[in-house]
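Structural description and commentary
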Amino acid sequence: MLIISGSAEYMAENEKFTKGDRHMLTLFLQKGELEDNLDNIESFLINLGWDEILIEQTEWVADNSTIEHSILQQAYAKAEIQGLSLVAFNEPLACAA
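Residues numbered from 1 in each chain as written. Predicted model: local features only at pLDDT ≥ 70, side-chain atom pairs only at ≥ 80, totals over all residues. Heavy atoms only, no water.

**Observations regarding unusual backbone geometry**
- Of note in this structure, Glu52 is not a glycine but carries a positive phi near 55°.
- On the secondary structure map, Glu52 appears in strand β3 (residues 50–60). (Helix = DSSP H or I, 4+ residues; strand = E, 2+ residues; numbered from the N terminus.)

Have a look at this one:
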C-alpha cells in the first residue's frame, strides 16, 4: 500500500471544513505507482472538494501493522476494498503571515 502525505485547500462548502482552509491529507493507494495514478488521485480529491494539492511524502508499507491510529487503520482497510481512500485532518494548517 502506498501512503501519500501532503496538503490541499478545501474549495467546497460544508459544515466540516471552511472553504479556503488548507488541511493535511493522508491518502492510501492500494495498487500502482504514484506517477501512474496522479490523474486519478487529483480527480478523486477534486470530486471531494479539494484542490491546490501538494504531495509532500510517500511511503510504501507491506501491511497495516505499523499504523497505530484507528482512523488511519480504517482508511487503510477502505483502500484495500476501494483502491483509494483519504483522511483529511480536521484542524486547518496555520497561515504563514
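**Some thoughts on the pairing of strand β1 (residues 2–10)**
- Most of β1 sits inside the fold, with seven of its nine residues counted as buried.
- Pairing geometry for β1 and strand β2 (residues 22–29), over eight bridges, is antiparallel. From the neighbouring strand, Gly6 faces β2, where its bridge partner is Leu25.
- Two strands pair when backbone bridges link them, and β1 and β3 are joined in this way by eight bridges, in the antiparallel orientation. Paired with Gly6 across the bridge in β3 is Ile55. (Buried < 20%, exposed > 50% of the residue type's maximum accessible area, 1.4 Å probe, protein only. Pairing = 2+ DSSP bridges.)

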